[in-house]
Structures are given as C-alpha cells and as structure tokens.
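Each chain, written out:
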Amino acid sequence: TVRFVDPKKHYQAHKKEYDAALEDVLLRGDLILRKDLEKFEKRFAAFVGTKYAIGVNSGFDALHLSLKAAGIGTQDEVITVAHTFVATIAAIVHTRANPILIDVGKDFNMDVEKLKAAITKKTKAIIPVHLNGRICDMEAIGQIAREHNLIVVEDAAQALGAAYTGKRAGAFGLTGCFSLYPFKILGAFGDGGMVTTNSKKMREMLRMLRDHGQDRAKGAVMLYGFNARLDNVQAAILNVKFNYYPSWIKRRREIAKLYYKKLRHIRNLALPHFEGKEYFDVYQNYVIRAERRDALKSYLTRKGIETLISWQKPVHHQKGLNLQHFRLPETVRLCREVLSLPLNTELTDEEIADVCAAIQNFYDTHKS
C-alpha cells in the first residue's frame, strides 16, 4: 500500500527526539503556557517574517479569534471562497457576520476579479485561502483591500513556508492563520493552530481571547474569551519538528517535480504547476484534475494506493449551512475533478513511480 500520509512511519523516523521532548516536558510539569510554547511562537514568527505569533488550539480558532480581535461582528460581510474546508466559513458565521462566497481561479485560489465585484458597503474583511501550499495573488488582493479600507485575514492553514515575491504566507494581512493539524506538513500530535501578526494590539487581544479573556500580568479578566490555547506539550513536539521543516518542504517540492515529470504527458490530467516565477509553492497537497476522477480513484484504491478527494460536495451545496444561493461554477467543476495524490516526506521515489504507473495504466486501459 502507498499511504496518503504515514504517521506511524514518521514517528518511527524521529522517535528518540519526540520521546525525549515529551519526557522533558512531563518531568518539568510544564503543560500550559510555558517556555516551550514561547520558544515555538518566537521561532514561528521569525520564520513567517512577522513580529508576533500566538499559539491557539486549531486553525479554526486562529481564524475565529482573528476576526473577533479585529472587531468583525453582526451584519458585517466577510468575503472568502467556498473551495475550502468548512472551518473558514464557520469562523465568519460564529462572529455573527455574513460570509460572502466567491469563485476560484485555475490555481484553486481566490479569483481577484470576482473579489472586486463582491464588495459592498457592508464588506469589512477578506479571507483569502492559500490552498494546497500556494499563495493567492496577494499583491492584487492587498491593493483592493487598501482601496476599500478592508481587513485581510489570511487563511494560511495549508501554506506555511509558501511565498509570493519573497514574502511568506501569513505576513501579508492583519493576521495570518495556520493549522497545525496532525496531517499538515508541520503537524502536532493533536489539534493546534497559530496566528501571526505585526500588530501589538492584535497580539495582546489574541493572547487574552485564547485564555478566557485573562490578562495574566495584571491578574484580571478583561473580557469574555475562549479556551483556545496551544498546549505546551504540543509546542515541545512542534519545536522538534520545526528543525526539519525546511528539508521537508524541499522534499515535497522534489516529489511534486517527480509527479510532473511522470504525469505531464497524460492528456487526461491537469497538474498543479501554475505560471508565475514570483510564487514559491510548498505542496501541502498534490492535487490533480482528472477525467473520470471517481473511476480513477476506485482503480487506485484497488491497487493499494490511497488518495483523497477534497471536497466531493462543494461546501456551499451542504444544505445544513444555508449557502445554496451562491453560484460558483468553477468551484463545482473542481469538486467533480480534483484528486489528491499521496504526498508525504516518507514517500520513496519507487512509490511515486508506482502511483504514476498505475495512473498511466488506468488511462491506457480506459480510453475515451
């Protein structure tokens, strides 16, 4: 079997370091808001290129608390995309603001022309989603935001280390919001998230919001907050992982090149290699657009190759969310065509070759 991700193999490769980090934290009894978290926040901010980073419990918390800290509330409109995980939209709804969903372009990211058309007098913020390890066109989005005095909160959950014109995801907006979910490139052993910002005011507000509204230095509860801290135990693990992060990005880019080399001649596929030398993609996912996608996925499953569809039903077609009034044809097309291939740093070149050979064989034997 070629695994989509392989947490067991990953743990075995770094077992001694992870076990030592856990033992050190537990012997110290440092479980909540301790030096491991402070160290990780400083390293994270330095890597992204911002003044501050605030550890939170999840990528959703990063988005939700960012919007709350920025003052987004009842009847405000926040523009984002539907081709994203539901958490992006849920973060808006839970501030009592209204999500305004727009379509995406061929690179799966926010269509800037659609963004311009969606702005109204009620628009207060934009959440560009940097999907699959590629940044949105932040030059254009930033210009639009400045022209209309709008807040930008980056959903960078899948884009840690990705860059545009040399500037990394999470350093463009008022905040950058990251997920440290276990299957992200930099993932905890449970849930986790991070917010980056250059605003001291936002940093202070976010630190209170994540910790029940407390200002611990003053010994006072300043506002109604949430329980949304990043555990110190997870931070200790993430500090170990962060040592390897640049090499993991390098390997993922190598894997993407191997996929491209072996699959580019198959006319039934569109591969995720897009124009623009100003972009540096980290390939959180390697997402192809495939003819007869569902049949291809079933065939690969029979061959022992794990793949993933994100998302088979568009988020705005989920009846329980009351978003069916949005018309987003490119998003709908993508949900019919996209397939994520195995991509993890434990993959061997031989396994990649097996995946590509299976895909080639499928289309050779299932010709139109």
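For the structure, see preceding data.
None of these values were measured; they are calculated from a predicted model.

Asker: Requested: an account of the side chain of D107, with residues and values cited.
Answerer: By the element assignment, D107 lies in the loop between β3 (98-102) and α6 (112-118). A polar atom in the side chain of D107 sits 3.1 Å from the backbone nitrogen of N109. In this structure D107 touches R134 and F274, once residues within four positions along its chain are discounted.

Asker: Which residues make up the pairing of strand β14 (residues 286-290), and what are the values?
Answerer: Summarising burial for β14: five of the five residues are buried, a large majority. Of the two faces of β14, both are covered, the one formed by Y286, I288 and A290 as well as the one formed by V287 and R289. Here two bridges tie strand β12 (residues 269-270) to β14, and the two strands are oriented antiparallel to one another. Considered in β14, the bridge of L269 is made with A290. Bridge count for β14 against strand β15 (residues 338-341) is four bridges, and the pairing is antiparallel. The residue bridging I288 from the neighbouring strand is L339, located in β15.

Asker: An account of the nonpolar core is needed here, citing residue identities and associated values.
Answerer: Core analysis: the biggest nonpolar cluster contains 66 residues, and F40, F44, L186 and Y245 have the highest contact counts within it. For this core, the secondary-structure elements that each account for two or more residues are α2 (15-28), α3 (35-48), β2 (77-81), β3, α6, α7 (138-148), α9 (232-242) and α10 (245-263). Counting residues per element, this core draws most heavily on α3, which supplies six residues. In this structure, Y245 is in contact with F47, L160, I185 and L186, ignoring residues within four places of it in sequence.

Asker: Residues and numbers for the layout of surface pockets, please.
Answerer: Computed from the structure, the largest pocket encloses a volume of approximately 810 Å³. Around the largest pocket, the lining is made up of 36 residues, and of these F85, Q158, Y181, K184 and W311 lie nearest the centre. The set of elements that each furnish at least two residues to the lining of the largest pocket consists of α4 (59-69), α5 (86-93), β8 (175-179) and β15. It is α4 that provides the largest number of residues to the lining of the largest pocket, a total of three residues. Of the residues contributing to the lining of the largest pocket, the split by class is 18 nonpolar, 14 polar and four charged. One number sums up the size of the second largest pocket: a volume of about 480 Å³. Examining the composition of the lining of the second largest pocket, we find that five residues originate from one element, α3, more than from any other. Of the residues in the lining of the second largest pocket, the class split is seven nonpolar, one polar and twelve charged.

Asker: Which residues make up the packing of helix α11 (residues 293-302) against helix α13 (residues 349-365), and what values do they have?
Answerer: Where α11 contacts α13, the axes come no closer than 10 Å and their chain directions differ by 125°. The pairing of α11 with α13 is recorded here as oblique in orientation. In terms of crossing hand, the pair formed by α11 and α13 is right-handed. Residue-level contacts link A295, L296, Y299 and L300 of α11 to A358, I359, N361, F362 and Y363 of α13.

Asker: Account for the pattern of salt bridges, with residues named and values stated.
Answerer: Summed over the entire model, instances satisfying the criterion amount to 21 salt bridges. With its nearest N and O atoms 3.2 Å apart, the salt bridge here joins E306 to R3. Residue E306 is found in the loop between α11 and α12 (329-337), and its partner R3 is found in the segment before α1 (7-13); the two are separated by 303 residues along the sequence. A salt bridge links D24 to R28; its shortest N-O distance comes to 2.7 Å. With D24 and R28 both in helix α2 and four residues apart, this pair spans about one turn of that helix. The class for R28 is partly exposed, based on a relative accessible area of 27%. One salt-bridge network, in which partners are shared between bridges, spans D24, R28, D30, R34 and D36.

Conventions we followed
- Residues numbered from 1 in each chain as written.
- Predicted model: local features only at pLDDT ≥ 70, side-chain atom pairs only at ≥ 80, totals over all residues.
- Heavy atoms only, no water.
- Helix = DSSP H or I, 4+ residues; strand = E, 2+ residues; numbered from the N terminus.
- Polar contact = N/O pair within 3.5 Å; in protein donor to acceptor, adjacent residues only side chain to side chain.
- Contact = heavy atoms within 4.5 Å.
- Buried < 20%, exposed > 50% of the residue type's maximum accessible area, 1.4 Å probe, protein only.
- Pairing = 2+ DSSP bridges.
- Core = buried A, V, L, I, M, F, W, Y, C linked by side-chain atoms within 4.5 Å.
- 1 Å grid on protein atoms, 1.4 Å probe; cavity = no way out; pocket = protein on both sides within 12 Å on 5 of 7 lines; lining within 4 Å.
- Points joined across faces, edges and corners; volume = space filled by probe spheres on them.
- Nonpolar A, V, L, I, M, F, W, Y, C, P; charged D, E, K, R; others polar.
- Axes fitted to C-alpha atoms, helices over the stretch in contact; angles between N-to-C directions.
- Parallel < 35°, antiparallel > 145°, perpendicular 65-115°, else oblique.
- Left-handed = near helix turned anticlockwise from the far one by under 90°.
- Salt bridge = Lys/Arg side-chain N within 4 Å of Asp/Glu carboxyl O.

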